[in-house]
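Survey of secondary and tertiary structure
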Amino acid sequence: MRTGHLSEYFEGVAVKRLTAVEVDPATSNQHEFNGAQELKELFGMERQKFPARFIYLGIDDERISTERDFVTWYDARENHPVRSEHRLYFPSNSVTESASEGDLLIIATRSKKDVLVVIAQASSTYESQLLWLFGFPQTTSKFQTSDLHGDEDKKLEFATRLILESIGVEVESADENWLDRIFAKFGEVFPVTRVFSSFARETATEIDVLAYPDSALMSWIDHEEMLFRTLEKHIVEKRLEYGFTDVDDFISYSLSIQNRRKSRVGHALENHLEHLFSSHSIKYSRGALTENRAKPDFLFPGITYYRKPEFPDSGLTMLGVKSTCKDRWRQVLSEAQRIDSKHLFTLEPGISTNQTEEMQSHSLQLVLPEHLHETYNDSQRSWLMSLSSFIEVVRNKQD
């Protein structure tokens, strides 16, 4: 097993499209999947009952449900002297009841001997991300398996961590070898994000930011994530030693951890982009106020030019920044009204075709680090813009 790869978290995975007989109560209430050869590769031949976590992922963040239950792998003809007929039984719960014909089903066996059952709504971003994560370019109503120890054993980096955490798999990214250096710089407290981002750039693997801005950004993002999780783990472990006064106290602290993570990565992304723009001698304003008190993340060449009626609209560029999009990309459409065609930078892998087509219909250009383009299908890639290409567009306007 290679360290820092998908195979550390899964022993095997099988994927298929759900059929009516598997999900439609009007058609069948069998609550079973036929034991195809692919499932035998995952579960073997003996009867077993596994603890399981069921997850349903819909079109957006509001359509996520989880259940803890079990699945049973058994031979329906185990008493027959010759024939066998294996099946995987699953109970009815809020996740299975949300499923529809054509949705994507993923059954993954974990190293801890439990099972993860994920159902992603057809044509959703989650579906696109999971297919890329596990290396399935196409799916049918028949099970397929992936060799997680071969070419499909993805390296754990920002995109893979993001998808894994969406299905409840916490990725260990802390490195305690960095603790002394972090403590020497900041003590045992969280510094402000701008200062922490600067520290991440100073200590990351050196990359030519002028020649390779896309690679530099991803290096900084991954390195800062490791540093943050290292410090967070230490601080949280110390807090757990004190215990909590009641359940509400524990829930409040847990929510504060999640909120800090989400807020930090968004601010960190803006910090690193700002450093890149400055390194490339690009003129910009960050978070300047425009119409209706809107605050676009970045305006080029700056708010002073934006407020000059005589400055041509064609010379202006707006870049919204969202570490993940989901449905929130629409928020940038009302910002900087002088600019008809807007740009949005994100680290979100594999956004669905439906979403990117809608973005195009609203004259919104998606910008991503070049490495993440591989998570999109061929038709989408021809439209996507890399960070280096965006910098070139802005520079040409300012020259």
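Everything here concerns the structure above.
Below: a short report on this structure. (Residues numbered from 1 in each chain as written. Predicted model: local features only at pLDDT ≥ 70, side-chain atom pairs only at ≥ 80, totals over all residues. Heavy atoms only, no water.)

1. Focus: the layout of surface pockets
Estimates place the volume of the largest pocket at around 1200 Å³. Along the walls of the largest pocket sit 34 residues, with Leu162, Glu165, Gln258, Lys262 and Thr324 positioned nearest its centre. Mapped by element, the contributors of at least two residues to the lining of the largest pocket are β3 (48–57), β4 (64–75), α4 (125–134), α5 (158–166), α8 (213–242), α9 (247–279) and β11 (317–322). Broken down by element, the residue count for the lining of the largest pocket peaks at nine residues, all from α9. Counted by class, the lining of the largest pocket contains 10 nonpolar, 10 polar and 14 charged residues. One number sums up the size of the second largest pocket: a volume of about 410 Å³. Residue lining of the second largest pocket: 20 residues in total, with Ser128, Pro137, Thr375, Tyr376 and Asn377 positioned closest to the centre. In terms of residues, the lining of the second largest pocket owes the most to one element, α4, which gives four residues. Classifying every residue of the lining of the second largest pocket gives six nonpolar, 10 polar and four charged. (1 Å grid on protein atoms, 1.4 Å probe; cavity = no way out; pocket = protein on both sides within 12 Å on 5 of 7 lines; lining within 4 Å. Points joined across faces, edges and corners; volume = space filled by probe spheres on them. Helix = DSSP H or I, 4+ residues; strand = E, 2+ residues; numbered from the N terminus. Nonpolar A, V, L, I, M, F, W, Y, C, P; charged D, E, K, R; others polar.)

2. Focus: α4
In terms of residue burial, α4 counts as a mostly covered element, since nine of its 10 residues are buried. When we look at burial in α4, the residues that qualify are Thr125, Tyr126, Glu127, Gln129, Leu130, Leu131, Trp132, Leu133 and Phe134. Gly135 sits one or two positions beyond α4 and adopts a positive phi of about 75 degrees. (Buried < 20%, exposed > 50% of the residue type's maximum accessible area, 1.4 Å probe, protein only.)

3. Concerning the pattern of salt bridges
For the structure on display, the rule yields 23 salt bridges. Put simply, Glu274 and Arg286 hold a salt bridge, and the shortest N to O gap is 2.7 Å. Taken together, the residues span a long stretch of sequence, with Glu274 in helix α9 and Arg286 in strand β9 (residues 285–286) at a distance of 12 residues. Where Glu358 meets Arg330, a salt bridge forms, and the shortest distance between an N and an O atom there is 2.8 Å. With a gap of 28 residues between them, Glu358 in helix α11 (residues 353–361) and Arg330 in the loop between β11 and β12 (342–346) connect regions that are remote in the sequence. Note on Arg330: relative accessible area 33%, which makes it partly exposed. (Salt bridge = Lys/Arg side-chain N within 4 Å of Asp/Glu carboxyl O.)

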